[in-house]
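Chain by chain, the residues run as shown.
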Amino acid sequence: MSVAFSFRRPNLLLPIVCLSICMGVAFLPAAGQSAGPATETKDTDPIVHALCGKSVALLGESPVHGFGKTLEFKVELVRRLIDECHYNALFVESGTYDYINIQKKLKSGQDVTDSMISAAIGGLWATKEVQPLIPFLREKVKAGTVTLGGLDDQLEMGTYAQREMPSDLVQYLQGDERSRCLATLQKHMLWQYTDDAPYGPPDKAKIVGCLDRIEARLSQEGESKAPWAEEDRAMIDGLKRNFAREFPEKFAKSADPDVTFNERDRSMYLNFRWLLSRLPSHSKVIVWAATVHTAKDLSGVSEFDGRLPLGSYIRRDFKDRAFTLGFSAYSGSYAFVGQPVRQLSAAPDTSLEWRSFANRDSDTVYISLKQLRKFGSVGARPLGTSFKTARWDDVLDGLVVFREERAPQYLHR
């Protein structure tokens, strides 16, 4: 679970014309040095052109989730894909529960507010850069032209899932059983554990037992036709997959270290398929998530080669009708939620980022799939703040690289 904090705007980096010995970083590529294949861009035009004819646009970002220019670029891209390319769904790497509640409210004729959409998107993206997207999405959602969905099964603070979902789910139970399960679920959602009585396997067993009983009631003929039975069953499925990753033997130290990641991404794929099944045929979906989840394939990247990302399932289903876009930067700053601003190391002269700016004055370049292939195996950092060597055309279909990133401006929640 995450809570956003407010940061003051970071100071600009010192001019790059300073001596590298003072900066502790390398110079940018100088004129006359060989340029890597890339396309200069001042806006989202080339990316919109690449994505407009696709069925699924997977918009990645660093798993740090703390790059302001990337967020601004993605917001503009989402707006254009919806307005110009007729994408009619946005699925986000945040808890599915609040989005399901939004759909319930829409179907019952209730109002959907900016604060509901903000809470659903979550604290990772509670930033000044993402804020303009909220009223845009609210307008589209209320007009019925865009469907919002959550891909993750994790829980966040300050959400419908934390505050109201337990009461909605236990309505299928009766008497003392309802009261006991409501208390059990609320204790967990509000994290009412103490140092003397911390959360542990017995608590998990009680929670899962309640979910099993609610699910059993939902399977009965009368309840299966209840107004929100399908939506509530989807919430329970997500919760059970979430709790299945807590305290199991298969996640012991001797087990595959990537099991937790793979189980989570498999769960996100199941949510993706469920959400997709509720859309009209021939719908076009935007996926907003970290690139470690949207990647086509991670098997060729060191330290990631045991991971099966959400994007690999989507690529299997949609083939070249899916497009994975990544983001990176030559230099700049970033910030984790609730932590101070940090500086990126400048890209070394062997990296894709360094070579992308050789002989160029632009602030942003776009590298297409064809151009990524020309780079071959090269170091780059679209999967984090450190450099990994890979054939990035196996991981991505396109890459946006900024000359200088900056930390986002987090909002109070």
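To be clear, the structure that these remarks concern was listed above.
Note that residues are indexed from 1 along each chain, following the sequence as it is written. Since the coordinates come from a predicted model, pLDDT governs what is reported: local features require at least 70, and pairs of side-chain atoms require 80 or more to be given and counted, while whole-chain, interface and lining totals use all residues. As a rule here, side-chain values cover all heavy atoms of the structure and leave hydrogens and water aside.

Our next topic: the overall build of the chain. Strands are runs of DSSP state E lasting at least 2 residues, helices are runs of H or I lasting at least 4, and numbering of each runs from the N terminus. Of the regular secondary structure elements, the chain holds 18 helices and eleven strands. When accessible area is computed with a 1.4 Å probe and restricted to protein chains, residues below 20% of their type maximum are described as buried, those above 50% as exposed, and intermediate ones as partly exposed. When burial is assessed residue by residue, the chain has 54% of its 413 residues classed as buried. In this analysis, two residues are considered to be in contact whenever any of their non-hydrogen atoms come within 4.5 Å of each other. In the chain, once contacts between residues fewer than 6 apart in sequence are set aside, the share between residues at least 24 apart is 77%. Each accessible area is a Shrake-Rupley estimate made with a 1.4 Å probe; only the visible protein chains count as cover when residues are assessed. Carbon together with sulfur atoms contributes 51% to the accessible area of the chain, which is approximately 18400 Å² in total.

This brings us to the side chain of T44. You can see T44 is positioned in the loop between β1 (39-40) and α2 (45-51). Under the relative-accessibility criterion, T44 is labelled buried at 4%. We define a polar contact as two N or O atoms separated by no more than 3.5 Å, with the added condition that, inside protein, one atom must be a possible hydrogen donor and the other a possible acceptor, whereas residues neighbouring each other in sequence contribute only through side-chain atom pairs. Reaching out from T44, the side chain makes a polar contact with the side chain of R80 at a distance of 2.9 Å.

Between 30 and 60 degrees the pair is tilted, below 30 it is stacked and above 60 it is edge-to-face, where a pair is any two Phe, Tyr or Trp rings, Trp via its six-membered ring, whose centres lie within 6.5 Å. Within this structure, the stated rule accounts for 13 aromatic pairs. Look at F73 and F327: their rings are 5.8 Å apart centre to centre, the planes differ by 70°, and that puts the pair in the edge-to-face class. Taken as a pair, F73 in helix α3 (residues 68-85) and F327 in strand β6 (residues 322-334) lie far apart in primary sequence, 254 residues in all. Under the relative-accessibility criterion, F73 is labelled buried at 10%. Plain terms: the ring middles of W191 and Y193 are 4.8 Å apart, the flat faces sit at 80° to each other, and that makes the pair edge-to-face. Since its relative accessible area comes to 13%, Y193 is described here as buried. Here the aromatic residues W191, Y193, Y199 and F247 are joined through ring pairs into a cluster of three or more.

Here we take up empty space enclosed by the protein. A pocket here means an open set of points on a 1 Å grid, computed over the protein atoms alone, that has protein on both sides within 12 Å along at least five of seven lines. A cavity is instead a set of points where a 1.4 Å probe fits but cannot get out; residues with an atom within 4 Å of a point line either one. Grid points are joined across faces, edges and corners, and a volume is the space filled by probe spheres set on the points. Counting across every chain of the model gives four cavities of 30 Å³ or more. Taken together, S62, F67, T70, F327, S328, A329, L344, R381, P382, G384, T385 and E405 make up the lining of the largest cavity. A per-element tally of the lining of the largest cavity places β6 first, with three residues. Amino acids outside the nonpolar list (Ala, Val, Leu, Ile, Met, Phe, Trp, Tyr, Cys, Pro) and the charged list (Asp, Glu, Lys, Arg) are all regarded as polar, and Gly is one of them. Split into classes, the residues belonging to the lining of the largest cavity amount to five nonpolar, five polar and two charged. In this structure, the second largest cavity encloses a volume near 70 Å³. As for the second largest cavity, its lining consists of S94, G95, Y97, D98, A119, A120, Q154, L155, E156, T159 and A161. Those elements that provide at least two residues to the lining of the second largest cavity are β3 (89-95), α4 (96-107) and α5 (114-121).

Okay, the pairing of strand β10 (residues 388-391) next. Taking every second residue as pointing to the same face, the buried face of β10 carries K388 and A390, while none of T389 and R391 on the other face is buried. The pairing criterion is simple: DSSP has to find at least two bridges between the two strands. Bridge count between strand β9 (residues 377-380) and β10: four bridges; the pairing is antiparallel. In the sheet register, G379 faces β10, and the bridge partner there is T389.

Before going further, it helps to spend a moment on the state of the cysteines. Cysteine sulfur atoms that pair up within 2.5 Å are treated as a disulfide. This model, assessed by the stated rule, comprises two disulfides. Linked covalently through their sulfurs, C52 and C85 form a disulfide whose S-S length is 2.0 Å. For the disulfide bridge between C52 and C85, the dihedral angle about the S-S bond is near -105°, and by the sign convention the bridge is left-handed. With C52 in the loop between α2 and β2 (56-59) and C85 in helix α3, this pair connects stretches of sequence that are 33 residues apart.

What follows concerns unusual backbone geometry. The residue H65 is not glycine, and still its phi comes out positive at about 55°. Residue position: H65 is located in the loop between β2 and α3. Of note, H282 is a non-glycine position whose phi angle comes to about 65°, a positive value. Note on placement: H282 falls in the loop between α13 (259-277) and β5 (285-288). Its relative accessible area of 78% is what places H282 among the exposed residues.

Turning to the pattern of salt bridges, a few remarks are in order. The working definition used for a salt bridge is a side-chain nitrogen of Lys or Arg within 4 Å of a carboxyl oxygen of Asp or Glu. Within the structure shown, the criterion is met by 24 salt bridges. When the shortest N-O distance is used, the salt bridge between R80 and D45 registers 2.6 Å. With R80 in helix α3 and D45 in helix α2, this pair connects stretches of sequence that are 35 residues apart. In this structure, the salt-bridge partner of E215 is K240, at a minimum N-O distance of 2.7 Å. Of this pair, E215 sits in helix α10 (residues 201-219) while K240 is found in helix α12 (residues 229-244), placing the two residues 25 residues apart along the sequence. Accessibility expressed as a relative area gives 21% for E215, which makes it partly exposed. Residues joined by salt bridges that share partners form a network here, namely K107, E230, E231 and R278.

So, about the packing of α13 against helix α15 (residues 310-318). Closest axis-to-axis distance for the α13/α15 pair is 8 Å, and the angle between their directions is 45°. With respect to α15, the element α13 is oriented oblique. Contact residues: D265, R266, M268, Y269, F272, R273 and L276 in α13; L310, Y313, I314, R316, D317 and F318 in α15. Counted by class, the contact of α13 with α15 contains eight nonpolar, no polar and five charged residues. As a rule, the C-alpha atoms of each element are fitted with a line to give its axis, helices using only the stretch in contact, and angles between N-to-C directions run from 0 to 180 degrees. Under this scheme an angle from 65 to 115 degrees is roughly perpendicular, one under 35 degrees roughly parallel, and one over 145 degrees roughly antiparallel; angles in between are oblique.

Time to look at α4. In a helix, the anticipated span is given by 1.5 Å times the number of residues less one. For α4, spanning twelve residues, the distance from its first C-alpha to its last is 17 Å, which sits close to the expected 16 Å at 1.5 Å a residue. Among the twelve residues of α4, ten are classified as buried, and the element is accordingly described as predominantly covered. Taken residue by residue, α4 has T96, Y97, D98, Y99, I100, N101, I102, Q103, K104 and K105 as its buried positions. In the stretch just after α4, G109 is the one whose phi turns positive, near 80°.

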